[in-house]
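Chain and residue survey
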Amino acid sequence: MEYKEICDTARKIFDGHCTVCPVCDGRACGNRVPGPGCKPPGQTAQRNYAKWQDVFVEMDTICENSAPDTTLSLFGRTFKYPFFAAPIGALKMHYGGEYSDLEYNDILIPGCAEAGIAAFTGDGVDPEVMKASAKTMQSIGGIGIPTIKPWNIEAVLEKLDILNQTDIFAAAMDIDGAGLPFLKAMNPNAGSKPVSELKQIISYAKMPFILKGIMTVKGAVKAVEAGASAIVVSNHGGRVLGNCPSTAEVLPEIADTVGKDLTVLVDGGIRNGSDIFKALALGADGVLIGRPFVPMVYGGGKEGVRVYAEKLGAELVDTMTMCGAHSLAEISRDMVRYGK
C-alpha cells in the first residue's frame, strides 16, 4: 500500500471526525473535543507543530560516506528507529465508530513491533483496555508500553499487579491525564500525584517506569526524585491544558537538567523525520508520535503502521546523511539552529 492510498481510505472511514490533513498541524480540528482537537483556545497542538518548524537543520556533507545507524537501545531492547507510537484512547468518541480502543491497540501493537518500534497504549475507563493490551504485548515478547492513567493509588497498584506478571519491558503513567475532566468524575477517579505516591508506584513496578506529561524543569527533577527510568516531555497535544508552551520550547532545558539521570523522550507536533532529528539534537533520546498513527491503522491496518514507520525512518536517514550524523549519538545541538 502507498501512504497516500492509506490516507485516502482513512479519510472516508473517518467521515469528518478527522480530515487527515496533508500536514497534521492541529489547525483543522482546533478546539474540537470530542474529536482530535484540544482544549480551548485550541492552539496548543498548533503551537507544538509550529515550533518544530522554527528549528532548522544544518547541512554538512563533508564527512564520511556511510549509511546512518538509526537504532535506539532502551531498557535492554534495541529498536530500529528512535520513535514510538504514542498512546491514543477513546477512539470511538474522537475518531468515529470503526474501532474500539481494544481493536485499535490489537492492530497497533503488533504493527509497531513488526516495523521495529513499539507502541505506547492508552488506559481507558474500561479496565479491559489495559488488560487486552498487556495480553497482546505478552504474545509478541513484551514489546509495548501500557500507559496507566493517574487513578487513585489502589487502582494503579491493581493494574501493576497485572503487568508485573508479564515480561512487558516498560510501563508508563500519563500524569497529565489529571487534567482530563471526565476522569475526575470516574470511580476510581484520577488526579495529581505527589512525589511520595509516585515513589510508591514506581517501586512497586517490576519494570522500568516512564512518567509522561513533564513540561517543566521542576517537574523533571521531581520525576528523578520519584525514581522514574524515563520521562516524556508532553502536553497531551493540548487536550489537558490550553495556552501552554510547546514541547519543542521546553525540551532543551529539561534535557540539559535531567538528561544524565534518565531517558528523555518527547511528544507533540513531531510529524516527519526531520522533526525527529531536531528533537534528538535538542536533547531527546527518542520521540513519540500520536495522531498520525490513527489514520494509518484505520486506512491500512498493520500495513499502514509499517508504511508510516518506514516513511519516517527514510526521512530521518536522509536528514542524518545530509547533516553528517552517522548514528543517533552523533546528532548534536550544533546541527540545528533557531530561525525567525
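For the structure given in this document, a descriptive report is provided here. (Residues numbered from 1 in each chain as written. Predicted model: local features only at pLDDT ≥ 70, side-chain atom pairs only at ≥ 80, totals over all residues. Heavy atoms only, no water.)

Brief notes about unusual backbone geometry
- Positive phi, normally seen in glycine, also occurs at Val20, with a value near 50 degrees.
- You will see that Phe75, though not glycine, has its phi angle at about 55 degrees, which is positive.
- One can find Phe75 in the loop between strand S2 (72-74) and strand S3 (77-79). (Helix = DSSP H or I, 4+ residues; strand = E, 2+ residues; numbered from the N terminus.)

Observations regarding the sheet that holds strand S6 (residues 145-148)
- A sheet is described by the order of its strands in space; here eight strands give the open sequence S4-S11-S10-S9-S8-S7-S6-S5, paired in parallel fashion. Each edge of the sheet is formed by a strand with only one pairing partner; in this case those strands are strand S4 (83-85) and strand S5 (120-121).
- Where strand S8 (residues 209-214) lies against strand S9 (residues 230-233), four bridges are found, and the strand directions are parallel. For Lys212, the partnering residue across the bridge sits in S9 and is Val232. (Pairing = 2+ DSSP bridges.)

Some details on the environment of Tyr81
- For Tyr81, the location among the structural elements is in the loop between S3 and S4.
- In contact with Tyr81, not counting residues within four places along its chain, are Thr70, Leu72, Ala115, Gly116, Ile117, Ala309, Glu310 and Gly313. (Contact = heavy atoms within 4.5 Å.)

Some details on the packing of aromatic side chains
- The tally for this structure, following the rule as stated, stands at 11 aromatic pairs.
- Between the aromatic rings of Phe14 and Tyr95, the centroid separation amounts to 5.5 Å while the plane-to-plane angle is 45 degrees, which identifies the pairing as tilted. In this pair, Phe14 sits in helix H1 (residues 3-14) while Tyr95 sits in helix H3 (residues 91-95), placing the two residues 81 residues apart along the sequence. Per residue, the accessibility class of Phe14 equals that of Tyr95, and both read buried.
- With 6.2 Å between their ring centres and 50 degrees between their planes, Phe75 and Phe169 make a pair best called tilted. Remark: Phe169 occurs in the loop between helix H6 (153-163) and strand S7 (171-174) and Phe75 occurs in the loop between S2 and S3; sequence separation between them is 94 residues.
- Taking the relative accessible area as the measure of exposure, Phe169 reaches 6% and is therefore buried. (Phe/Tyr/Trp six-rings, centres within 6.5 Å; stacked < 30°, edge-to-face > 60°. Buried < 20%, exposed > 50% of the residue type's maximum accessible area, 1.4 Å probe, protein only.)

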